[in-house]
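These are the residues of each chain, in order.
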Amino acid sequence: MNKNIHSEVAYIHGRPTGHPIHQAYAKSINADFYPVDFYLRWHDRPNSNRFRRYLSWLLCAFFFPNKKSYAIFFTECIRFPVIIMRWLGLLYREQRIIALMANEALYFIYTKNYSSTASFAMKKYLRSCDAIICVGKMQANLAREILKENRPPIYTIYNGINIERFQKKISTSQSLSSKKILFISNVDVEWRAWYKGTDLMFKAFDIVSKTIPDATFILIGRWDNTLFNQQVNRYCASTKNNIVNIGYTDKLETYIGDASIYLHCARGDAFPTTTMEVMAAGVVPIISEWTGTKEIVEQVDVRLVVPLDEVRIAEKIIWYLNLPISEKTMLSEKCKEVIKKYTEENAIQNFKEIFIEIANDFKILL
């Protein structure tokens, strides 16, 4: 290794910050933090054009602080300035790039939701990395399928939550008999609506309402109002009075405690912590087979994982709502039991061990 390289790690994240658990991972390895657009900001400005984005990539690549002093560049998902440094020969051969994959990118490549140019660039990025860390088995399987044999080593981790927050503050004893269905997510643009599967869930709720008229669908999170109204009017106009859009709230525990079901039927959602949080409170989730946390939900009951089909989703909701309280109680308690090992502390420790293992393979001591 070049004598100028030491064991420091640079963590490159999105704006305004990275995901909280990703931030915690980076802190656990004493990384230095850099936003992807520290030079010529664009990432959190939706009106930024392509020219500004591409120029920012180049400027950040050329002017990355102390770029030749870092042993590892650790990127939250795909961050092009880092790989541009490698492609332009701005890094030493011994310097390593590790990508943390935990967003929609792999699923969107897999389902051809990106242009052929974007997909090619992203696959080129991933193949140019020295290692890929995937949050969840679904992400890891997608990476293997997309990159085939021509790929760097792929490692799998899991995310964790603050379990005590949801177990101490929430009582679900009365919600087991309710007809309230909960969904938590920010849906501010159309692609996120598709990614989160909101069209499927609205269609499913419309079907459910015709069988269970007093069912209520409660949405938590920041929505674009125009997008919300378009989807409700299109997919469940006759039952929209039973849909309650709360928006952002700092009383999340209250709504979780009142829910009978948590619904999250996404298209490629990597590892949504909301499914874990409701499980900690004893709320039973029904999720899609393309939601990364299915590997956790399946440990409660495989019947809680459904295809991306509104009829099948509706059938599963009706099935659960009609279960006797004794069976709902059993599933609720199983959720609490299964989620116990998925703590923030365990997740951070697991990540740190794997990251150090990768560094050791590169003969880098952290």
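The coordinates are above.
Please read these numbers as outputs of a predicted model, since none were measured by experiment.

Draft legend 1. Representation of the sheet that holds strand 6 (residues 154–157) in the model. A sheet is described by the order of its strands in space; here six strands give the open sequence 2-1-3-4-5-6, paired in parallel fashion. Of all the strands in the sheet, the pair left with one neighbour each is strand 2 (32–35) and strand 6. Across this sheet, the average inter-strand angle for adjacent strands is 25°, counted without regard to direction. Examined bridge by bridge, strand 1 (residues 9–13) and strand 2 share four bridges and lie parallel to one another. Looking across to strand 2, one finds that Y11 is bridged to F33. Against the sheet, helix 3 (residues 80–87) engages strand 1, strand 3 (72–76) and strand 4 (96–101), with an angle of about 155° to strand 4. Helix 6 (residues 137–147) contacts strand 4, strand 5 (131–135) and strand 6 of the sheet and is inclined by roughly 165° relative to strand 6.

Draft legend 2. Local environment of the layout of surface pockets. Taken as a whole, the second largest pocket holds about 170 Å³ of empty space. Considering the residues around the second largest pocket, the lining is formed by E190, A193, W194, D199, L227, Q230, Q231, R234 and Y235. Where the lining of the second largest pocket is concerned, the elements lending two or more residues are helix 8 (190–196) and helix 10 (225–235). Ranked by residue count, the leading element in the lining of the second largest pocket is helix 10, at five residues. Each residue belonging to the lining of the second largest pocket can be placed in one class, and the counts come to four nonpolar, two polar and three charged.

Draft legend 3. How the structure looks around a nonpolar patch on the surface. Residues Y39, L58, F62, F63, W87 and L88 make up a contiguous nonpolar surface patch of roughly 600 Å² in combined accessible area. Assignment of secondary structure puts Y39 in the loop between strand 2 and helix 2 (50–62). Accessibility expressed as a relative area gives 39% for Y39, which makes it partly exposed.

Draft legend 4. Examining the packing of aromatic side chains more closely. Within the structure shown, the criterion is met by 32 aromatic pairs. With centroids separated by 5.6 Å and ring planes inclined at 85°, the aromatic side chains of F38 and F64 adopt a geometry described as edge-to-face. One end of the pair, F38, is in the loop between strand 2 and helix 2; the other, F64, is in the loop between helix 2 and strand 3, and 26 residues separate them in sequence. Exposure remark for F38: the relative accessible area of 26% places this residue in the partly exposed category. Given the relative accessible area of 5%, F64 is considered buried. Note on F202 and F217: the rings are 5.9 Å apart at their centroids and 75° apart in plane angle, and the pair reads as edge-to-face.

Draft legend 5. Summary view of the state of the cysteines. Under the definition given, this model contains zero disulfides. Unpaired in terms of disulfides, C134 finds its nearest cysteine sulfur in C77, a separation of 10.0 Å. For C134, a relative accessible area of 0% gives the class buried. Free cysteine: C236, not disulfide-bonded; nearest cysteine sulfur from C265 at 14 Å.

Draft legend 6. Fine view of the packing of helix 3 against helix 5 (residues 116–128). Running from amino to carboxyl end, helix 3 crosses helix 5 at an angle of 65°, the nearest separation of the two axes being 10 Å. As the angle between them shows, helix 3 and helix 5 are arranged roughly perpendicular. Pair helix 3 / helix 5 crosses with left-handed handedness. Touching F80, I83, R86 and W87 of helix 3 are A121, M122, K124, Y125 and S128, all from helix 5.

Draft legend 7. Here's a closer look at the sheet that holds strand 10 (residues 261–264). Taken in spatial order, the six strands line up as 9-8-7-10-11-12 in an open sheet, and their pairing is parallel. Of all strands in the sheet, those with a lone pairing partner are strand 9 (243–247) and strand 12 (305–306), marking the two edges. The pairing of strand 7 (residues 180–184) with strand 10 spans two bridges and is classified as parallel. Bridge pairing in strand 10 links L182 to Y262. Packing against the sheet, helix 9 (residues 198–211) makes contact with strand 7, strand 8 (216–220), strand 9 and strand 10, and its axis sits at approximately 160° to strand 8. Here helix 12 (residues 273–280) sits on the sheet and contacts strand 7, strand 10 and strand 11 (284–288); the angle it forms with strand 10, its principal contact strand, is near 170°.

Draft legend 8. A look at the side chain of H22. Considering the arrangement of structural elements, one finds H22 in helix 1 (residues 20–28). Its relative accessible area of 4% is what places H22 among the buried residues. Within the structure, H22 has its side chain in polar contact with the side chain of E76 (distance 2.7 Å). Sequence-distant contacts of H22, defined by excluding residues within four places in its chain, comprise Y11, E76, L100, A102 and N159.

Reading guide: rules and limits
Residues numbered from 1 in each chain as written. Predicted model: local features only at pLDDT ≥ 70, side-chain atom pairs only at ≥ 80, totals over all residues. Heavy atoms only, no water. Pairing = 2+ DSSP bridges. Helix = DSSP H or I, 4+ residues; strand = E, 2+ residues; numbered from the N terminus. Axes fitted to C-alpha atoms, helices over the stretch in contact; angles between N-to-C directions. Contact = heavy atoms within 4.5 Å. 1 Å grid on protein atoms, 1.4 Å probe; cavity = no way out; pocket = protein on both sides within 12 Å on 5 of 7 lines; lining within 4 Å. Points joined across faces, edges and corners; volume = space filled by probe spheres on them. Nonpolar A, V, L, I, M, F, W, Y, C, P; charged D, E, K, R; others polar. Patch = residues over 30% accessible without salt bridge, like charges linked within 9 Å, V, L, I, M, F, W, Y side chains within 5 Å. Areas by Shrake-Rupley, 256 points an atom, 1.4 Å probe, with all protein chains shown as cover. Salt bridge = Lys/Arg side-chain N within 4 Å of Asp/Glu carboxyl O. Buried < 20%, exposed > 50% of the residue type's maximum accessible area, 1.4 Å probe, protein only. Phe/Tyr/Trp six-rings, centres within 6.5 Å; stacked < 30°, edge-to-face > 60°. Disulfide = S-S within 2.5 Å. Parallel < 35°, antiparallel > 145°, perpendicular 65-115°, else oblique. Left-handed = near helix turned anticlockwise from the far one by under 90°. Polar contact = N/O pair within 3.5 Å; in protein donor to acceptor, adjacent residues only side chain to side chain.

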